[in-house]
Amino acid sequence: MSAVEVHLRLPAVEAFMLRRHGGFRALTPDEEDVLNQAGNEILGLIVAGWPVDTGTSVDAWSIHADVSPGEFGFTVENPMFYASYVHPRGEGGPESEFWKQLVQGAFDAVKGRLIDDLTAAIDRTEIRIRLRSVRDHVH
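Residues take numbers from 1 onward in each chain, read along the sequence in its written order. This being a predicted model, a pLDDT of at least 70 is required before a residue's local features are given, and a value of 80 or more before pairs of side-chain atoms are given or counted; all residues contribute to the totals for chains, interfaces and linings. Think of the side-chain values as coming from all heavy atoms in the structure, minus any hydrogens and water.

Numbering of helices and strands runs from the N terminus; a helix is a DSSP stretch of H or I covering at least four residues, while a strand is a stretch of E covering at least two. One less than the residue count of a helix, multiplied by 1.5 Å, gives the span that helix is expected to have. Between its terminal C-alpha atoms helix α2 (residues 29-49) stretches 30 Å, which fits the 30 Å expected from 21 residues at 1.5 Å a residue. Here the term buried applies to any residue with accessible area under 20% of the maximum for its type, exposed to any over 50%, and partly exposed to those in between, with areas from a 1.4 Å probe on protein chains only. The complete set of buried residues in α2 reads Glu-31, Val-34, Leu-35, Ala-38, Gly-39, Ile-42 and Ile-46. All buried residues of α2 fall inside an arc of 135° around its axis, so they share one side. Residues of α2 that are exposed and angled more than 90 degrees away from the buried face: Pro-29, Gln-37, Asn-40 and Ala-48. What the arc describes is the spread of directions from the helix axis to the C-beta atoms.

Bringing a positive patch on the surface into the picture now. Positive charge collects at one region of the surface, where Arg-124, Arg-128, Arg-132 and Arg-135 lie side by side. The topology assignment puts Arg-135 in helix α4 (residues 98-138). Accessibility expressed as a relative area gives 47% for Arg-135, which makes it partly exposed. In this analysis, a patch consists of residues with relative accessible area above 30% that form no salt bridge, clustered at 9 Å for like charges and at 5 Å for the nonpolar side chains Val, Leu, Ile, Met, Phe, Trp and Tyr. For the accessible areas, the method is Shrake-Rupley and the probe is 1.4 Å, while residue cover comes only from the protein chains on display. Salt bridges are defined by distance alone: a side-chain nitrogen of Lys or Arg within 4 Å of a carboxyl oxygen of Asp or Glu. When charges are counted, Lys and Arg contribute as positive and Asp and Glu as negative, whereas His and the chain ends are disregarded. The atoms used to mark charge sites are NZ of Lys, CZ of Arg, CG of Asp and CD of Glu.

Take the pairing of strand β3 (residues 71-78) next. Burial runs high along β3: 6 of the 8 residues are buried. Pairing between two strands requires that DSSP report at least two bridges joining them. Pairing analysis gives 6 bridges linking strand β1 (residues 4-9) to β3, with the strands arranged antiparallel. Of the residues in β3, the one forming a bridge with Glu-5 is Glu-77. As paired strands, strand β2 (residues 62-68) and β3 are joined by 7 bridges and run antiparallel to one another. From the neighbouring strand, Asp-66 faces β3, where its bridge partner is Gly-73. The hairpin turn running from β2 into β3, its antiparallel successor, is 2 residues long, and Gly-70 in that turn takes a positive phi close to 85°.

This is the structure:
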C-alpha cells in the first residue's frame, strides 16, 4: 500500500511566461494568489469526491502551489499509507487507482479558468514592468 503524490503542471502558463517576459521569472504575490485560489478549489473537489469510511484519509489530502520559475502548478499529496488503494465501495477494486481519476478530474475542472486567470495576471504584471522600465528611462 502506498501514499499518493501527484505533480500537476501548467505548461501553457509556462510557455506564456516565456513568450511574454522573454524568460522565466518568479510569480508575483498577486499571481501566486491566483494559483493558490485555484489550488483551494482543486483540493475542495478532491475532498468532496473522496470516499469516506473513517475520515482519516480524506483529512490527509493537501495541495501546495509550485511557483518555481518554469515549473508552475501544484503538488497534491495524501501521505496515508493506503491512500492509493482507496476506492468507492462497490466500484472497482484497490487496483482501480481511483485517486488518479479524482485528482486529474479536479484539476481538469479548474485548469481552463486557471490558465485564463493566471495568464491575465501575468500580463498585468508584464505591463507594469514595462511601464516602470519606460518611466525609469525617461527620468
